[in-house]
Amino acid sequence: MTVDPSDYTVDELREELDTLEDIDTVQAVLEAEQAGKDRKTASEAIHKRLDALETSEDDGGQADETADDETEGEYRETSEDVGEDADPEDEPAGEPAAADADDGADEVEEPTRDKKHVRALNGGTYRDMWVFCETQQGDLLDVSKEMLGKARALMDQYAEDYGDEEDVVAFVIGDDCEGLAEECIAYGADVAVYHDDDRLERFLHKPYTEIASHMARGQGTVESTDWRDYDEPRYTIFPATNNGRDLSALVQAELDSGLASDCSDLFIEETEISNPVKTGEPGVKKTFDRVLHMKRPDFSGFEYSTILCLDNPDRDFHPQGASVIPGTFDLPEPDHERDGLVVEHDMELEDEWFAVEVTEYDQLDAGVDLTGHEVVVCLGRGIGDDPTLGMELGLELVDAFDDAALGITRGIVTSSYQFDGHVESYSKEERQIGETGQVVAPPLYIAAGVSGAVQHKVGMDESDTIIAINTDPDATIRDFSDYYIEGDLFEVLPQLTEAVKSGTVPLEAATDGGED
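Residues numbered from 1 in each chain as written. Predicted model: local features only at pLDDT ≥ 70, side-chain atom pairs only at ≥ 80, totals over all residues. Heavy atoms only, no water.

Visitor: I tried to follow the confidence of the model for the chain on my own but got confused; where do I start?
Guide: If pLDDT is low for a region, its predicted coordinates should not be looked at in detail. Scored by pLDDT, the chain comes out at a mean of 84, with 84% of its residues at no less than 70. Segment residues 62-117 is flagged for pLDDT under 50; beyond a separation of four residues in sequence, or across chains, it makes 96 contacts in the model. Every residue in residues 510-516 scores below 50 in pLDDT, and together they form zero contacts with partners more than four places removed in sequence or on other chains. (pLDDT = per-residue confidence, 0-100. Contact = heavy atoms within 4.5 Å.)

Visitor: Looking at this structure, I do not really get the pattern of salt bridges. What am I missing?
Guide: Pairing between side chains of opposite charge can happen when the charged atoms of each approach one another. Under the counting rule described, the total for this entry stands at 22 salt bridges. Linking E166 and R127 is a salt bridge whose minimum nitrogen-to-oxygen distance equals 3.9 Å. With E166 in the loop between α4 (142-162) and β6 (168-174) and R127 in strand β3 (residues 126-132), this pair connects stretches of sequence that are 39 residues apart. Using a relative accessible area of 25% as the deciding quantity, one classes R127 as partly exposed. Here R217 ties to E254 by a salt bridge, and the two come within 3.9 Å at their closest N and O atoms. With R217 in the loop between α6 (205-216) and α7 (222-225) and E254 in helix α8 (residues 242-254), the pair connects residues that are 37 residues apart, well separated along the chain. Each of the two residues, R217 as well as E254, counts as buried. (Salt bridge = Lys/Arg side-chain N within 4 Å of Asp/Glu carboxyl O. Helix = DSSP H or I, 4+ residues; strand = E, 2+ residues; numbered from the N terminus. Buried < 20%, exposed > 50% of the residue type's maximum accessible area, 1.4 Å probe, protein only.)

Visitor: How do you make sense of the packing of aromatic side chains when you look at a structure like this?
Guide: How two aromatic rings sit relative to each other is given by the distance of their centres and the angle of their planes. Per the stated rule, a full pass over the model turns up 10 aromatic pairs. Seen from their ring centres, W130 and F171 are 5.6 Å apart, and the 50° between their planes marks the pair as tilted. A residue pair is termed long-range when its members are at least 10 positions apart, and W130 in strand β3 and F171 in strand β6 qualify at 41 residues. Of the residues examined, W130 reaches a relative accessible area of 1% and is grouped as buried. (Phe/Tyr/Trp six-rings, centres within 6.5 Å; stacked < 30°, edge-to-face > 60°.)

Visitor: How should I be thinking about helix α14 (residues 489-502) in this particular structure?
Guide: For the α-helix, the turn length of 3.6 residues means that residues three or four positions removed from each other point alike. Helix length check: α14 (14 residues) gives 19 Å between terminal C-alpha atoms against 20 Å at 1.5 Å per residue, within 8%. Among all positions in α14, only L489, F490, V492, L493, L496, T497 and A499 are buried. Buried residues in α14 make contact with β15 (375-379), α10 (387-400), β17 (444-448), β18 (465-470) and β19 (483-486). Where α14 begins, the side chain of D488 points an oxygen toward the backbone nitrogen of F490, at a separation of 2.9 Å. (Expected span 1.5 Å × (residues − 1). Polar contact = N/O pair within 3.5 Å; in protein donor to acceptor, adjacent residues only side chain to side chain.)

Visitor: Just checking my understanding: could you explain the sheet that holds strand β11 (residues 286-297) for this structure?
Guide: Think of a sheet as strands paired side by side through backbone hydrogen bonds, with each pair either parallel or antiparallel. The sheet built from three strands is open, its strands ordered β10-β11-β12 with antiparallel pairing. This sheet does not close on itself; its edge strands, each paired only once, are β10 (265-273) and β12 (304-307). The mean inter-strand angle of the sheet, taken between neighbouring strand axes irrespective of direction, is 40°. Here β10 pairs with β11 via eight bridges, running antiparallel. Across the sheet, residue E269 finds its bridge partner in β11, namely V291. Helix-sheet contacts for α4 involve β10 and β11, and the interaxial angle to β10 is about 35°. (Pairing = 2+ DSSP bridges. Axes fitted to C-alpha atoms, helices over the stretch in contact; angles between N-to-C directions.)

Visitor: What is the right way to read the environment of I485 from this model?
Guide: Mapped onto the elements, I485 comes out in strand β19. In the structure, I485 is positioned 16 residues away from I469 in sequence and 4.7 Å away in space, judged by C-alpha atoms.

Visitor: Mind showing me how you'd approach the sheet that holds β18 here?
Guide: Reading across from one edge, β16-β15-β17-β18-β19 is the order of the five strands in this open sheet, with parallel pairing throughout. The sheet terminates laterally at β16 (404-408) and β19, the two strands that pair on one side only. With direction set aside, neighbouring strand axes in the sheet form an average angle of 15°. Bridge analysis of β18 against β19 gives four bridges, and the strand direction is parallel.

Visitor: Hey, could you run me through α10 in this one?
Guide: In this model, α10 (14 residues) spans 20 Å end to end at C-alpha, consistent with the 20 Å of a helix rising 1.5 Å per residue. Of the residues making up α10, those classed as buried are P387, T388, G390, M391, L393, G394, L395, L397, V398 and A400.

Visitor: How should the nonpolar core be read in this particular structure?
Guide: One recurring pattern in soluble globular proteins is that nonpolar side chains are buried together. Formed by 37 residues in total, the largest nonpolar core has its most connected members in M129, L148, C184 and L266. If you tally residues by element for this core, the top one is α4, at seven residues. Residues V377, V398, L444 and I446 belong to the second largest nonpolar core, which totals 26 residues. (Core = buried A, V, L, I, M, F, W, Y, C linked by side-chain atoms within 4.5 Å.)

Next up, the structure:
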């Protein structure tokens, strides 16, 4: 059989190669490709077929056709349509991609340092948005509730856009957490899967990762898995807390997918891509639908980037995963009348996963929660001329309001400013606002002496009204403030405080924002 690779797209060539059983023929196809279009992806596909045929000869002609597609769980690879008309939903619903019992394929171990590589699926079935609901001392963290509310809104819009109703699935791991799973239903989940074990009271890397991955793959007893009929979640989101950042990276790696960390927004829509790594061939465009767009500040410090987790022609990157900065989304009101399914996950936990035991610990103070206030006053490096006085003026303005809190920028936390003892506690990291601190969105945000770096913007730009005070007319924060007072905070703050107390505004605007 003579095959001219230039007559085929890369995906068509892959299918044709699967019909070739002679090494010399495949070698001739490789030489023709290199002499013609010389496409990298096509050459890789031909080399892959050559390797499979050579392995077959080495094994006496008995090729293990599934060896290259084996996963750690019970899954098989199915075909995928590639091109502009590709539809990832062509896989029959209700037919989980489980390996046939008579396939006879042994698990393939490919060590990557200390763990077996888990191969991704190709053409698998994916559904639902999974939300890791972190707990602390027997309560759901607020960020868990925030993510459930956002996930509910996303999947309601998903149903409207695509005509398919998919669920919000909360997964909870801990000690005595069945009640918390039920609480997740009230905050927007359709299904809440929980694993309860008294050894899981505190976050532990190994067992939490193994349990979460086991849940996501749909492994366990029939009683704990018969509510679902897909291979893995379509989307997963985690809190960008210390534990959530840890777990999100570990679980997404176990599932052989990607992760966008510290996100400040999420939305779902289709995307057209021409990257040959994703389309399979240069010059070909492919439309991916149901793509989770994960928005986060980039490392340049000036822009936001949107991260996409897209499939390659010969493998899937699912679940599409993100971690979310606490405080990014609104805290929803619970509806305790909502109906939902609560499922207890079943899995045998290895004793070696609990080799380290915490015998003593100190309980830290709860810290300072800047969210939920009507007003937040934030101080930045502009207080540097007299740090103690600047802090006092900020606190006086806070006290003038009925419901206000004082925050600071990272610049103060990392500075060498010397504060008198009565205000020193207000300069600690627990009051930091920004990407690595708290995220607030009050009705009124007053920023005094704050330059407006993007890392800080992430923590406050969803505020309804932003008033900035700065001596620099070109400070970045001016670009996203509703009102900008060009002046010295040591002079302006006392006047604002008096205005709040008296109910009158003595300040006169130097400009109305126009050119004049």
